[in-house]
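The lines below spell out each chain.
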Amino acid sequence: MIVQKEIRLKPKTRGFHLITSEIMAALPKLPQMGIIHIFIQHTSAGITINENADPSVRVDFETVFNKLIPENDPDYIHIFEGSDDMPAHLKSALLGTSISIPIKNERLALGTWQGIYLGEFRENASERRLVCTIYA
Amino acid sequence: MIVQKEIRLKPKTRGFHLITSEIMAALPKLPQMGIIHIFIQHTSAGITINENADPSVRVDFETVFNKLIPENDPDYIHIFEGSDDMPAHLKSALLGTSISIPIKNERLALGTWQGIYLGEFRENASERRLVCTIYA
Amino acid sequence: MIVQKEIRLKPKTRGFHLITSEIMAALPKLPQMGIIHIFIQHTSAGITINENADPSVRVDFETVFNKLIPENDPDYIHIFEGSDDMPAHLKSALLGTSISIPIKNERLALGTWQGIYLGEFRENASERRLVCTIYA
């Protein structure tokens, strides 16, 4: 059994956002056992799994990603879409563009402290499209 | 066909560890063809695939991850769980929290030099829970 | 339904390469709906999804990955296979060794600007083996 569902995430400010609830609200009933694959159709945002409890973790993620991949590096040659554009592509590659999560007992088998993060790397992003594929 | 199996990895020291054998010993017989998805239910450890032969590679991984994501950065605001905690969350995101490996002829279709790594990013970690989902 | 297909990518120069067409040309007809998992059987190259239009993005990826993971760091101890070898293992871990892409209407459900990248991290690489698993 395979089910596919497209989700449009509301526009977010630049930074890291916990989106577990926004995704769950858009999904159909999950199967007893299986996997969900969540894929983001963009190259200037990313998706990962991390700490779900303390918002300061997401602030530190933004701080550190900006240090790892600085803007306005004079060596960049892809610069015509703004100073946040090339760093956004690189951050997307480091964070990843899809996640797969096991499903158990009709629920995501996340650990106690795990949630789904969107890394929004553009200053003025529109909504972001996800393709969710559930197989069981 | 989907089979799910939870594994508890014995506690490991901080650093990178080759865990292919520990995982294989806990899995049921693999199907003729398929995929295995291995998911770690933690946000301060990660899982990836890398070089399986020379232990010095794992030492260099620890060295470089500590340079990429230094401890005690004065800009961190999530600091109340110890100096290794926020770096652990970031390293987990860079390394990844799950891997998928093709199965062929009842074996993992890894390359000759590939093995499964656990990145343990906490100083005093307990056992780590994996959820393995095999589909065929 | 599961189909598995091995692909040999022609040898590439060090750097980032758009390989969507080379992969598609080697795949069988895709199903109506499903997932494709593409796995690279090497530890000194990586695979990811990123911007498909402007070649300067791939040039900047090479520039930045060389800054993130420098060669000839005196702290490396795994040095006997050349100055590009240990950095290649680390870059492979950061970029990732597999991707999963949803399939919809017999096509990869990539975003408009998404393509598949090979990150080739060795100076004189041979062909690279991919294992593609399609399930529907």
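That block above? That's the structure.
A short tour of the structure in this document, coming up. What you see as residue numbers is a count from 1 along each chain, following the sequence as written. A letter from A marks each chain and a number from 1 marks each ligand, given out in the order of writing. Residues qualify for local features only when their pLDDT is at least 70, as the model is predicted, and side-chain atom pairs are given and counted only at 80 or more; totals for whole chains, interfaces and linings, by contrast, use all residues. In computing side-chain properties, one takes all heavy atoms of the structure into account and sets aside hydrogens as well as water.

Copy-to-copy alignment: least squares on C-alpha atoms, limited to residues at pLDDT 70 or above in both. Placing chain B over chain C gives an RMSD of 0.0 Å and needs a rotation angle of 120°, together with 0.0 Å of translation along the axis. As the rotation angle and translation indicate, the two copies are arranged about a three-fold axis. For chain B, the minimum C-alpha distance to the rotation axis belongs to Leu94 of chain B and amounts to 3.5 Å. Any two residues whose heavy atoms approach within 4.5 Å at even a single point are treated as in contact. Comparing contact sets, just 9% of the residues at the interface of chain B also lie at the interface in chain C, consistent with a heterologous contact between different surfaces.

Another aspect to go through is the side chain of Lys12 of chain A. Residues and elements named next belong to chain A. In this description a helix means any DSSP run of H or I spanning at least four residues, a strand means any run of E spanning at least two, and both kinds are numbered starting from the N terminus. Assignment of secondary structure puts Lys12 in the loop between β1 (2-9) and β2 (15-18). By relative accessible area, which is 15% here, Lys12 ends up buried. Here a polar contact means two N or O atoms within 3.5 Å. Within protein one must be a hydrogen donor candidate and the other an acceptor candidate, and residues neighboring in sequence count only if both atoms are side-chain atoms. At 2.9 Å, the side chain of Lys12 and the backbone oxygen of Lys10 are in polar contact. Reaching out from Lys12, the side chain makes a polar contact with the side chain of Glu22 at a distance of 2.8 Å. Between buried and exposed lies partly exposed: a residue is buried under 20% and exposed over 50% of the maximum accessible area for its type, with that area taken using a 1.4 Å probe on protein chains only.

Salt bridge, as used here: a side-chain nitrogen of Lys or Arg that lies within 4 Å of a carboxyl oxygen of Asp or Glu. Within the structure shown, the criterion is met by 36 salt bridges over all chains. With a shortest N-O distance of 2.3 Å, Glu6 of chain C and Lys104 of chain B are connected by a salt bridge. A residue pair is termed interchain when its members come from two chains, as with Glu6 of chain C in strand β1 (residues 2-9) and Lys104 of chain B in strand β5 (residues 98-104). Note that Glu120 of chain C is salt-bridged to Arg128 of chain C, the shortest N-O span being 2.8 Å. Overall, Glu120 of chain C belongs to the buried group, its relative accessible area being 0%. Exposure remark for Arg128 of chain C: the relative accessible area of 7% places this residue in the buried category. When salt bridges that share partners are traced, they join Arg14, Glu62, Glu71 and Glu123 of chain A into one network.

Here the focus is the interface of chain B and chain C. Of the residues lining the interface, 32 residues belong to chain B; the matching set on chain C comes to 29 residues. Buried area is a sum: the accessible area each of two parts loses on coming together, probed at 1.4 Å, counted once for each and added. With both sides pooled, the region where chain B packs onto chain C buries about 2,500 Å², and carbon together with sulfur makes up 63% of that total. Looking only at chain B, the three residues that lose the most surface to chain C are Met33, Asp60 and Gln114 of chain B, adding up to 20% of its buried area. The tally of links from chain B across to chain C stands at 3 salt bridges. As a salt-bridge pair, Lys67 of chain B and Asp75 of chain C come within 2.7 Å of each other at their nearest N and O atoms. The tally of links between chain B and chain C comes to 14 residue pairs in polar contact (both at pLDDT 80 or more).

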